[in-house]
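Each chain is listed here by its residues.
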Amino acid sequence: MQSKLQNPQSLKVAILCHSDNLGGASVVTRRLTLALRSEGVDARMVVFNKISDDESVMGVGGRFRRGLAFMSERAGIALANGFSRENLFKVSTASTGMPLHKHPWVREADVIVISWINQGLLSLKGIRRIGGLGKPIVWTMHDMWNLTGICHHAYECRGYMKECGHCQFLTGKRANDLSHITWLKKRRLYTNVPITFVAVSNWLAECTRRSRLMEGCDVRVIPNAFPIDSFDTASKFTLGRIAEAEKVIVMGAARLDDPIKGLDMAIDALNYIFDNHPEVARRSIAVFFGGVRDQSVFDRLRFPHQLLGTINDGKLLRMIYARAHIVLSTSLYETLPGTLIEGQAAGCLPVSFGMGGQTDIITHLENGYIARYKDVEDVARGIMWGMKASVDREALHEDVRRRFSAKSVARRYIDLFHELLGRSDKDM
């Protein structure tokens, strides 16, 4: 074991995640894998759904077995919820999963990193079996699921400060419901298996400190890795209204009209500017990218705007950021909002609420604006502030590079791995 500490390039790390490119947590986990590999670590991903053709990623199980695991967990949730589909994917139980403790990459690894493992990849029982291998385990938390009974975001609920139960996402509102039963299973796991948890933002770490479930747990803070060097601060966008506008505001999400993204408040804030500062609105444009189930939601937006839909071309997206002046988010909760970091990397000023990891990204009135929670007029004031601010776009880029670049994040994980391996070596 000592040689692992002396030579970081001999480290073998198995990273367990639902996918390598399906969903935000999977994307940032893949970035971490690539960042670790670029630092000489033999990092490999074991996933439920493999999308890429990367040889350092291996999918597990056949299609039938994966489908059975996925459906089994969802069926258990539906049964406990009166077969309602309304909140079916707002909760997870990790009741089923693949036998990853038998996987050769897991057994060969020096350190095991657990990422987002719900919907069939790994069960709580499976994690206990991995713990039996005697290897250091790091669990990266991308949302609130680790510190609650079953929900990924608690919203205003504070049940996680106790032992959950009466879950807002279940029918019946019973004390001994599925959320409480799963809470007890997680507590037994955390008590019996040594796990070092990594919160991707200080906000999430603070939530863990308030969680009764995670009392006594070892929680560190390391942000997600971002490809900061791929972002340019100089605009090369020459097409249409985006290129012609004096000021450009950009807002994006995987699904813009997901209720948690607060799109209605963004529209209200832009309409406020249109009504009260028409001369500014006439010279500006709001650009939206991402999926939308019902585009009629934009019918009431009076501010000049353009909806681009889902953008799969990373180069195009980076060009839009470089053309923009403000990156806007009105999400009710964000663990670590990637669009704000990407916008800053291109020299944009972020405007957002502070309910989440935004405060890790924004210093109010210095490199962005944190609006009062759910205060539409304050969001509008933040946008107006950003439009008038004098911005050193290159300085913004360098600041984000220092804090969130893939290299800096990878080094922090490697330091953690060395610490845990040193601790394990002393225990032997």
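Basis of the calculations
- Residues numbered from 1 in each chain as written.
- Predicted model: local features only at pLDDT ≥ 70, side-chain atom pairs only at ≥ 80, totals over all residues.
- Heavy atoms only, no water.
- Patch = residues over 30% accessible without salt bridge, like charges linked within 9 Å, V, L, I, M, F, W, Y side chains within 5 Å.
- Areas by Shrake-Rupley, 256 points an atom, 1.4 Å probe, with all protein chains shown as cover.
- Salt bridge = Lys/Arg side-chain N within 4 Å of Asp/Glu carboxyl O.
- Lys, Arg positive; Asp, Glu negative; His and termini not counted.
- Charge placed at Lys NZ, Arg CZ, Asp CG, Glu CD.
- Helix = DSSP H or I, 4+ residues; strand = E, 2+ residues; numbered from the N terminus.
- Buried < 20%, exposed > 50% of the residue type's maximum accessible area, 1.4 Å probe, protein only.
- Core = buried A, V, L, I, M, F, W, Y, C linked by side-chain atoms within 4.5 Å.
- Contact = heavy atoms within 4.5 Å.
- Pairing = 2+ DSSP bridges.
- Axes fitted to C-alpha atoms, helices over the stretch in contact; angles between N-to-C directions.
- Polar contact = N/O pair within 3.5 Å; in protein donor to acceptor, adjacent residues only side chain to side chain.
- Disulfide = S-S within 2.5 Å.
- Left-handed = near helix turned anticlockwise from the far one by under 90°.
- Nonpolar A, V, L, I, M, F, W, Y, C, P; charged D, E, K, R; others polar.
- Right-handed = clockwise from strand over helix to strand, strands pointing away.
- Phe/Tyr/Trp six-rings, centres within 6.5 Å; stacked < 30°, edge-to-face > 60°.
- Lys NZ or Arg CZ within 6 Å of the ring centre and 35° of its normal.

Asks: Report on a positive patch on the surface, specifying residues and quantitative values.
Replies: A cluster of basic side chains, namely Arg65, Lys102, Lys125, Arg128, Arg129, Lys185 and Arg188, defines a positive patch on the protein surface. Of all the secondary-structure elements, those providing two or more residues to the positive patch are α5 (124-131) and α6 (178-192). Tallying contributions element by element places α5 first for the positive patch, with three residues. The class for Lys125 is partly exposed, based on a relative accessible area of 47%.

Asks: Describe the nonpolar core, listing the residues and the values that go with them.
Replies: The nonpolar side chains of a soluble globular protein tend to be buried with one another. Ranked by internal contacts, the top residues of the largest apolar core, which has 85 residues, are Leu16, Leu100, Trp139, Ile249, Phe288, Phe303 and Ile383. Discounting chain neighbours no more than four positions away, the residues touching Phe303 are Ile249, Leu270, Asn271, Ile273, Phe274, Ala281, Ser284, Ile285, Ala286 and Met387.

Asks: Could you give an account of the sheet that holds strand β11 (residues 326-329), naming the residues involved and the relevant values?
Replies: Sheet strands line up and pair through hydrogen bonds in the backbone, either parallel or antiparallel. Strand order in the open sheet formed by six strands is β10-β9-β8-β11-β12-β13, and the pairing between neighbours is parallel. Lying at the two open borders of the sheet, with one neighbouring strand each, are β10 (305-307) and β13 (369-371). Across this sheet, the average inter-strand angle for adjacent strands is 20 degrees, counted without regard to direction. Packed on one face of the sheet, helix α12 (residues 338-345) meets β8 (247-255), β9 (284-291), β11 and β12 (349-353) and runs near 175 degrees to β11.

Asks: Would you mind going over helix α11 (residues 314-323) in detail, with residue names and values included?
Replies: All of the buried residues along α11 are Leu317, Ile320, Tyr321, Ala322 and Arg323. On its buried face, α11 sits against α8 (240-244), β8, β9, β11, α12 and α15 (393-404). Among the residues of α11, the N-terminal cap falls to Asp313, whose side-chain oxygen and the backbone nitrogen of Lys315 are separated by 3.0 Å.

Asks: Hey, could you go over the state of the cysteines for me, with residue numbers and the actual values?
Replies: Within the structure shown, the criterion is met by zero disulfides. With no disulfide of its own, Cys164 has Cys151 as its nearest cysteine by sulfur position, at a separation of 6.5 Å.

Asks: Hey, could you go over the packing of helix α9 (residues 263-276) against helix α14 (residues 376-388) for me, with residue numbers and the actual values?
Replies: As a packed pair, α9 and α14 sit with axes 8 Å apart at the nearest point and diverge in direction by 60 degrees. Of the two elements, α9 crosses α14, and the hand of that crossing is right-handed. Packed against α9, whose contacting residues are Met265, Asp268, Ala269, Leu270, Tyr272 and Ile273, the element α14 presents Val376, Glu377, Val379, Ala380, Ile383 and Met384 at the interface. Partitioning the contact of α9 with α14 into residue classes produces 10 nonpolar, no polar and two charged.

Asks: Outline the pairing of β11, supporting the account with residue identities and numerical values.
Replies: Burial along β11 is two-sided: the face carrying Ile326 and Leu328 and the face carrying Val327 and Ser329 are both buried. Relative to β11, β8 runs parallel, the two being bridged by two bridges. The residue of β11 that forms the bridge with Val250 is Val327. Pairing geometry for β11 and β12, over four bridges, is parallel. If you follow Val327 over to β12, its bridge partner there is Pro350.

Asks: Provide a residue-level description of the pattern of salt bridges, including the pertinent values.
Replies: A complete count under the given rule lists 25 salt bridges for this structure. Among the salt bridges present, the one from Glu206 reaches Arg210, with a minimum N-O distance of 3.8 Å. One end of the pair, Glu206, and the other, Arg210, are both in helix α7 (residues 202-210), four residues apart, so they sit about a helical turn from each other. The salt bridge involving Arg401 is made with Asp229; its shortest N-O contact spans 2.7 Å. Linking Arg401 in helix α15 with Asp229 in the loop between β7 (218-221) and α8, this pair joins segments that are 172 residues apart in sequence. Residue Asp229 is classed as exposed on the basis of its relative accessible area, which comes to 56%.

Asks: Now, about the sheet that holds strand β4 (residues 111-114): what can you tell me, with residues and values included?
Replies: Strand order across the open sheet formed by seven strands is β3-β2-β1-β4-β5-β6-β7, with parallel pairing between neighbours. Because the sheet does not close on itself, it has two edges, and the strands there are β3 (57-59) and β7. In this sheet, neighbouring strand axes are inclined to one another by 25 degrees on average, regardless of whether the strands run parallel or antiparallel. Taken together, the four bridges between strand β6 (residues 196-199) and β7 define a ladder with parallel strand orientation.

Asks: Mind laying out the pairing of strand β5 (residues 137-141), listing which residues take part and the relevant values?
Replies: Most of β5 is tucked away: five of the five residues are buried. With three bridges joining them, β4 and β5 adopt parallel strand pairing. Following the sheet pairing, Val113 is matched in β5 by Val138. As for the winding sense of the linkage, the β-α-β connection from β5 through α6 to β6 is right-handed.

Asks: Can you break down the packing of aromatic side chains residue by residue, with the values?
Replies: Given two aromatic rings, one states the distance between the centres and the angle between the planes to describe the pair. Counted according to the given criterion, the structure contains 15 aromatic pairs. Ring centres of Tyr190 and Phe197 lie 5.0 Å apart, and the angle between their planes is 75 degrees; on these two criteria the pair is classed as edge-to-face. Across this residue pair, the class does not change: Tyr190 and Phe197 are buried. Above the face of the Phe48 ring, Arg66 is positioned so that its terminal group lies 6.0 Å from the ring centre. Here Lys186 stacks its cationic end above the ring of Trp145, 3.5 Å away from the centre of that ring.

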